Amino acid sequence: MSQKVRGIIARAKGEPVSVETIVIPDPGPSEVVVAIQACGVCHTDLHYREGGINDEFPFLLGHEAAGTVETIGEGVTHVEVGDYVVLNWRAVCGECRACKRGEAQYCFNTHNADQKMTLEDGTELSPALGIGAFCDKTLVHQGQCTKVDPAAPATAAGLLGCGVMAGLGAAMNTGQVSRGQSVAVFGCGGVGDAAIAGAKLAGASTIIAVDIDDTKLEWATGFGATHTCNSKNTDPVEFIQSVTDGNGADVCIEAIGHPAVYRQCFEARDLAGTVVLVGVPNPEMTIELPFIEIFGRGGALKSSWYGDCLPERDFPMLIDLYLQGRLDLDGFVSETIELGDVEEAFHKMERGEVLRSVVVMDEQR
């Protein structure tokens, strides 16, 4: 039978979110109910609240989460009851063009639950990124659950569900950073710092952090940046060239989503270097680049979707690195909060006071 649980709802564009009762149906074919242990407050949730994704209100927010499989529907073979899982929004279909050509990280038809979670009055909810995890329990497709080592606490493991994976993957998967390379990361929030951590894991010898906030640059140093540049006071292109023998960086990662910052990335890369865009731009933004420079510099201009990750491949590996002490996921957790504190966490995010606020469900406290 269906269950009633608490969840964070965004009812209208720009309005404060609220804790409300939501109804979770029994899982149907290929569906799973997951008891959420912790869920990070990601900027994408704020985009949903502000109407920046679509206008399919009301939204059930939250998507960067870990928890335990509580019940499973007919035909579920991917997970079992009791499995400890990180939720993901790339449940690959295996049948689309991308999947069939062996590029499942670009899957065009990722799976979500077929049934809808609702408010008590029957109003259907749109779960953020097909997950909706700011709640005690959520309903997802079995492919959205990635089993990982339960030794990793949910406050850390859940972060792989979105922002940290996006940054790590931007460096390791999309940028293909390799040993001895130089990397510049523009924007040192959660995604940018994860890109720095990914560059360090990949063996980059020079890692340059660029931001306009000295506090964020200090955070970046903790994740592996070897040089920092406050671009409010110093030209970042000139600075990057000065610490790379005048050449520019092998890989420049843009973690803001702003045309002016992207232009700096483009100008700061070495010949045959790579630019990776992982920051999410406003749909109305445009950019103009000198066409001859695109040709003359060579290299590649890439976009990174979800860090070009494959959850089944990447999540368990990264959790293992965390448990070995080689990836500091705990360092991204600025604070743990209760479900009712999400609205204030959005404001802290906007003020640049936190890397991640993480909701810990009451039964986990």
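Residues numbered from 1 in each chain as written. Predicted model: local features only at pLDDT ≥ 70, side-chain atom pairs only at ≥ 80, totals over all residues. Heavy atoms only, no water.

**Details of the overall build of the protein chain**
Along the backbone of the protein chain there are 11 helices and 18 strands. In terms of overall size, the protein chain behaves like a compact globule, its C-alpha atoms giving a radius of gyration of 20 Å where 365 residues would be expected to give roughly 21 Å. Residues counted as buried form 54% of the 365 residues belonging to the protein chain. The long-range fraction of contacts in the protein chain, counting pairs at least 24 apart against all pairs at least 6 apart in sequence, stands at 70%. (Helix = DSSP H or I, 4+ residues; strand = E, 2+ residues; numbered from the N terminus. Rg over C-alpha atoms; globule rule 2.2 N^0.38 Å. Buried < 20%, exposed > 50% of the residue type's maximum accessible area, 1.4 Å probe, protein only. Contact = heavy atoms within 4.5 Å.)

**What about the nonpolar core?**
Soluble, globular proteins show a tendency: their nonpolar side chains are buried together. Grouped together as the largest cluster of nonpolar side chains are 51 residues, with contacts concentrated most on L168, I196 and I253. Once residues within four sequence positions are removed from consideration, L168 is found in contact with L160, N173, A194, A195, A197, G198, L201, L318 and L327. By size, the runner-up hydrophobic cluster in this structure holds 32 residues, among which are A10, I36, A65 and V359. (Core = buried A, V, L, I, M, F, W, Y, C linked by side-chain atoms within 4.5 Å.)

**So, the pairing of strand β18 (residues 357–360)**
Residues of β18 alternate between two faces, with S357 and V359 on one and V358 and V360 on the opposite face, all of them buried. Relative to β18, strand β3 (residues 31–40) is paired through 3 bridges, and the arrangement is antiparallel. In the sheet register, A38 faces β18, and the bridge partner there is V360. Sheet topology places strand β17 (residues 335–337) next to β18; 3 bridges connect them, and they run parallel. (Pairing = 2+ DSSP bridges.)

**Regarding the layout of surface pockets**
The volume enclosed by the second largest pocket comes to roughly 230 Å³. Lining the second largest pocket are 17 residues, and of these N112, K116, S126, P127 and G130 sit closest to its centre. Here the residues of the lining of the second largest pocket sort into 9 nonpolar, 5 polar and 3 charged. (1 Å grid on protein atoms, 1.4 Å probe; cavity = no way out; pocket = protein on both sides within 12 Å on 5 of 7 lines; lining within 4 Å. Points joined across faces, edges and corners; volume = space filled by probe spheres on them. Nonpolar A, V, L, I, M, F, W, Y, C, P; charged D, E, K, R; others polar.)

**Points about the pattern of salt bridges**
The full count for this structure, using the stated rule, is 16 salt bridges. For K147, the salt bridge identified is with D83, shortest N-O distance 3.5 Å. Of this pair, K147 sits in strand β10 (residues 145–147) while D83 sits in the loop between β5 (64–72) and β6 (84–87), and the two are 64 residues apart along the sequence. Here D314 makes a salt bridge to R313, at a shortest N to O gap of 2.7 Å. Looking at D314, the relative accessible area reads 3%, which means it is buried. (Salt bridge = Lys/Arg side-chain N within 4 Å of Asp/Glu carboxyl O.)

**Some points on the pairing of strand β16 (residues 300–303)**
Judged from the 4 bridges that link them, strand β15 (residues 269–277) and β16 form a sheet pairing that is parallel. When the bridges of β16 are listed, T274 appears paired with A300. Taken together, β15, helix α9 (residues 291–297) and β16 form a β-α-β motif whose crossover is right-handed. (Right-handed = clockwise from strand over helix to strand, strands pointing away.)

**Describing the sheet that holds β16**
Overall, parallel pairing links the 6 strands, which are arranged β13-β12-β11-β14-β15-β16 in an open sheet. What marks the edges here is a single partner per strand, and that holds for β13 (227–230) and β16. Strand after strand, the sheet turns through a mean of 15° between neighbouring axes, direction not considered. Bridge count for strand β11 (residues 182–186) against strand β14 (residues 249–254) is 4 bridges, and the pairing is parallel. Across the sheet, the residue bridging to V183 is V251, located in β14. (Axes fitted to C-alpha atoms, helices over the stretch in contact; angles between N-to-C directions.)

**Re the packing of aromatic side chains**
Counted by the stated rule, this structure contains 5 aromatic pairs. Measuring from centroid to centroid gives 4.9 Å for Y48 and F59, while their planes differ by 65°, and the two rings are edge-to-face. With Y48 in helix α1 (residues 43–49) and F59 in strand β4 (residues 59–60), the pair connects residues that are 11 residues apart, well separated along the chain. Neither Y48 nor F59 differs from the other in exposure class; each is buried. Here W89 and Y306 contribute two aromatic rings whose centre-to-centre distance is 3.9 Å and whose plane-to-plane angle is 5°, an arrangement assigned as stacked. You can see W89 sitting in the loop between β6 and α2 (97–100) and its partner Y306 sitting in the loop between β16 and α10 (311–323), a full 217 residues away along the chain. Through a chain of ring-to-ring contacts, three or more aromatic side chains come together here, namely Y48, F57 and F59. Residue placement shows R297 over the ring face of F266; its charged tip is 5.9 Å from the ring centre. (Phe/Tyr/Trp six-rings, centres within 6.5 Å; stacked < 30°, edge-to-face > 60°. Lys NZ or Arg CZ within 6 Å of the ring centre and 35° of its normal.)

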